[in-house]
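# Descriptive analysis of the structure
The primary structure of each chain is shown beneath.
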Amino acid sequence: MGDQQGTLRYSESWKGEIMAGTYYAALAQAQSWGAGAKVVPYGGTNTGIKYKAVPPPGGIRGGGGGGGGGGNSAYASLLANFQKREAAALASNEAREAEVRGTYDEIIGQGQGAFRTAGLADIEEAKTKAVGAGTQQLISSGMYGTTTAASLPVQAENQAARSRLKLEDLIQQRTNTAKLGKAAFVERISEPYPDYNILMQAAAAGASA
Amino acid sequence: MAVSITDKISYKRLVSAGNDELWLEDINVAAGTKIELATATGDIDTGDQLTMASAFQKVFMANGANLKVADFINTRLTHTALTAAHARGDILTQASSAASMIVDHTNTAKTLTYGYTTTGTWDFSNSVTGSGAGTAFTPTGQAGMLTHTALATAHAADDVLTQATSSATMTVTATDATKTHTYGTITAGTWNTTNAVTGSGSGTGFTPTAVSVRPPVWYDWTVEPGGTSGAMPAKAYLVAVYRGRLVLAGNPLYPNQWFMAKVADPFNWLYGTNDPMSAVAGNNADAGQCPDIIRTLISFHDDYLIFGGTSTIWILRGDPVAGGSLDNLSDTTGIFGSNSWCFDDARNLYFWGSGGIYEIKSDFSGIRNLTEMVLPDIINDEAADPSTHRITMGYDKKRHGIVVAITVLATGVNSNYFYSFKTEGFYPESYPSECGSYSMLYYDANDTDYADLLVGCKNGYIRKFLTSAKDDDIGATDQAISSYATYPITPLSSDMDQNGKLTELVFDLAGGASGGDAGDTDGMTYELYSGDDAETVLEDIVDGATAFTSGTLSGTGRKNKIRPRMRGAFMGLKIYNSTASETWAINRVLYGTRKAGRVR
């Protein structure tokens, strides 16, 4: 097997025994190999458990591969089951995350669509009605032939412009709320460290079996 | 403890225009004394239609393209052209002198600032800054007026006057016709009434008897500079004030259009802003209809404004930009001209309309034609045309009636009526052509001696009706008044189609006993006419046919019985006096008749 990460790490994790207290060294080695690498106990007792890093089944990243080994078959089965469940849970969580992100994105995207169109249409309708009502009032009062009548459309447009700005503000508020929700959701996503105590206990139980 | 009370009154000035000049009542000298606003001379054309309105202590004038202001309240500061004019309402303050002014108006060239000086005396050394964005400046001059005794030779425009000792200087603008007032721009120092003044030209030296640093100023009526105050109509012949707005109309290019300035800002004519006080323009018609030509503007306080057209009358109530309404009062009559109307004490409006003389009650309960029954053909009889005639109307408070004057503009020839509220009758009259009425105004002067119906006459004088006068004052001489009364044509028999004989006639002349407290009448002449029908008798009187008999009466009281023995179906009696310096009055006429056979 070629050394992918460095001669020292590879040789220590593959060939030699790692003394108790070097769990973290084995962990670091496994992490450096990437997904699929494992840290497994392979001997010792109680406080003197020995750990070693096992490369991923497909080999170390960037080439080379290698297989793991060691440990008893029961542990391996448990570990495999654990890993399988973990992978499934991860996949499920990732799928849920993707769904929620998609939902937020959909909500955020709605502000650019029908809501704006409907709002603008309402504003234009109100503007038309305002001009019409004002004109009718001026006709009733005999003021149709004055510059007051001519200024009605201008006043209505000024009001409509303010309404459009309010609409945009409302859309922006809603968009921001959705974005903030998405950000809060993303912020809440956490990837807890694996509970290796359980794994150690299982391995210990397997070793003593 | 004695209580001292000082009366506070508002002073009124009568302003009149004539002979292309503007004259104002100088109450500082004496009530009724007029002085010429020399700076206005030649700037107006009184041969053209001219109307004036008073507002904000100014007189606004509409004289075609001559839209002018005579300002009686503001100070005028002269300076170099400003980059940015001071806005209306800005406060100007001068360093050191602490003089302060509220800006009212700036001319188009931004070289003259008009405002009300609230404190201090302006000098020409220190900088003036404004509370707004206007450019600071140091005044180079201030409008002023020097009063003096009549000069032999007036100082010409642009002459520089210098006063000894004070070293005050003034650049002359104009001198009035009497050469007793010199208007100009003070450019240095403080003028006094002690030291002699000499001019740079050929004008006579003088010592001022009075100095004014706030004389009436005269300037073009324009919008504020800067391009944000809209535009005034190029011409206008009608002006009025309504609800704090200056109203113009009578632009020959747009004769059916009226224009109103912003409320309380005669220099802002920007229409269509989203402001209830915005300037506004319009016309008078139902939606989709052609508007009528406007001939007169009649405003009544802040209550309503009437537009008199050629054949319609409209009334505007309220403000046109803030909930007002414009309604039609009449589709069948208009108003003859800008002066062809007046109000009485009861706020009833009278005007010369398309069919005669009309009355509109103050509650607008109806429009009544006063001449319809008694002078049904008055319009044709007078044949007045707005291009050649002027019809003026005025309420005579002292004599309780309306004077209606129809004057030929070119000659002053006139035909007039006095409508009496007592008798509700019309009395035709005419004045010497020199006294032809061009304008009328009831002037409610501070001095009651001058509170009367004033008539602006063709020869430039302002006249009033004087009960004690027996002749008309036509200038250099007096002219006798010819007056007459025609009694109703009377049947001489109580039976139908029967002749009668007038057997006796008794005149009872006014004055009681001669020389007593009652005013004594002068003499009069009577003429008797008879005929078989009433119209023939009346026609003979009107045509001046030879009377059956005539005579002259003199003295007062009951006169001796006259026995005319005149036979006929109807009789007519005319009484008259055309003698200079005489007036006459009659209490009653008694007559007796007896039957005299059938009419053949």
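Cut-offs applied
Residues numbered from 1 in each chain as written. Chains lettered and ligands numbered in written order. Predicted model: local features only at pLDDT ≥ 70, side-chain atom pairs only at ≥ 80, totals over all residues. Heavy atoms only, no water. Patch = residues over 30% accessible without salt bridge, like charges linked within 9 Å, V, L, I, M, F, W, Y side chains within 5 Å. Areas by Shrake-Rupley, 256 points an atom, 1.4 Å probe, with all protein chains shown as cover. Salt bridge = Lys/Arg side-chain N within 4 Å of Asp/Glu carboxyl O. Lys, Arg positive; Asp, Glu negative; His and termini not counted. Charge placed at Lys NZ, Arg CZ, Asp CG, Glu CD. Buried < 20%, exposed > 50% of the residue type's maximum accessible area, 1.4 Å probe, protein only. Helix = DSSP H or I, 4+ residues; strand = E, 2+ residues; numbered from the N terminus. Expected span 1.5 Å × (residues − 1). Bend = angle between axes of the 7 residues up to and from the residue. Core = buried A, V, L, I, M, F, W, Y, C linked by side-chain atoms within 4.5 Å. Contact = heavy atoms within 4.5 Å. Buried area = accessible area lost by both parts, 1.4 Å probe. Polar contact = N/O pair within 3.5 Å; in protein donor to acceptor, adjacent residues only side chain to side chain. Nonpolar A, V, L, I, M, F, W, Y, C, P; charged D, E, K, R; others polar. Pairing = 2+ DSSP bridges. Axes fitted to C-alpha atoms, helices over the stretch in contact; angles between N-to-C directions. Phe/Tyr/Trp six-rings, centres within 6.5 Å; stacked < 30°, edge-to-face > 60°. Lys NZ or Arg CZ within 6 Å of the ring centre and 35° of its normal.

### A few points about a negative patch on the surface
The grouping of Asp 497, Asp 532, Asp 533, Glu 535, Glu 539 and Asp 543 of chain B at the surface amounts to a negative patch. Since its relative accessible area comes to 57%, Asp 543 of chain B is described here as exposed.

### Focus on helix α5 (residues 147-188) of chain A
Taking 1.5 Å per residue, 42 residues should reach 62 Å; α5 of chain A reaches 61 Å between its end C-alpha atoms and fits that length. At Pro 153 of chain A, α5 of chain A shows its strongest bend, of approximately 30°.

### A closer look at the nonpolar core
Inside soluble globular proteins, nonpolar side chains tend to come together where they are buried. Counting residues in hydrophobic clusters, the biggest one holds 23 residues, and the most contacted among them are Phe 60, Trp 221, Met 232, Val 239, Leu 246, Leu 248 and Trp 269 of chain B. Within the residue set of this core, elements represented by two or more residues are β4 (51-55), β5 (58-63), β6 (66-71), β10 (112-119), β18 (217-220) and β20 (245-251) of chain B. Leaving out residues up to four positions away in the same chain, Leu 248 of chain B has contacts with Ala 62, Trp 221, Met 232, Pro 233, Ala 236, Leu 238, Val 239, Gln 257, Trp 258, Phe 259, Trp 269 and Leu 297 of chain B. Within the second largest apolar cluster, 19 residues are counted, among which are Met 143 of chain A together with Val 247, Ile 294 and Leu 326 of chain B.

### What about helix α4 (residues 114-140) of chain A?
Residues lying three or four places apart along an α-helix face the same way, a consequence of the helix completing one turn every 3.6 residues. All names here are of chain A. Between its first and last C-alpha, α4 extends 39 Å over 27 residues, near the 39 Å set by a 1.5 Å rise per residue. Those residues of α4 lying buried are Arg 116, Gly 119, Ile 123, Gly 134, Thr 135 and Leu 138. Against the buried residues of α4 lie α5.

### So, the interface of chain A and chain B
One widely used convention gives an interface's size as the accessible area the parts lose upon coming together. The interface of chain A with chain B comprises 11 residues on the first partner and 17 residues on the second. In total, about 1,100 Å² of surface goes out of reach between chain A and chain B, with carbon and sulfur atoms giving 56% of it. The largest share of the area that chain A buries against chain B comes from Met 143, Gly 145 and Thr 147 of chain A, three residues that together contribute 40% of it. Between the two partners, chain A and chain B, sit zero salt bridges. Taken together, the links from chain A to chain B amount to three residue pairs in polar contact (both at pLDDT 80 or more). Among the elements that take part in the side of chain A that touches chain B, α5 of chain A stands out by supplying four residues, more than any other. By residue class, the composition of the side of chain A that touches chain B is three nonpolar, eight polar and no charged.

### Thoughts on the sheet that holds strand β23 (residues 294-300) of chain B
All names here are of chain B. Strand order in the open sheet formed by four strands is β23-β24-β25-β26, and the pairing between neighbours is antiparallel. Where the open sheet ends on each side, the last strands, each with one partner, are β23 and β26 (325-330). Each strand of the sheet is rotated relative to its neighbour by a mean of 20°, with strand direction disregarded. Sheet topology note: the strand β24 (residues 304-309)/strand β25 (residues 313-317) ladder contains five bridges and is antiparallel. In the sheet register, Phe 307 faces β25, and the bridge partner there is Trp 314.

### Description of the packing of aromatic side chains
All names here are of chain B. Inspection of every chain in the model, using the stated rule, returns 17 aromatic pairs over all chains. Ring centres of Tyr 417 and Phe 426 lie 6.4 Å apart, and the angle between their planes is 85°; on these two criteria the pair is classed as edge-to-face. Residue classification places Tyr 417 among the buried residues on the basis of a relative accessible area of 8%. Chaining the aromatic ring pairs together yields one cluster made of Tyr 350, Tyr 395, Tyr 417, Tyr 419, Phe 421 and Phe 426. Above the ring of Tyr 484, the side-chain terminus of Lys 574 is found at 5.1 Å from the ring centroid.

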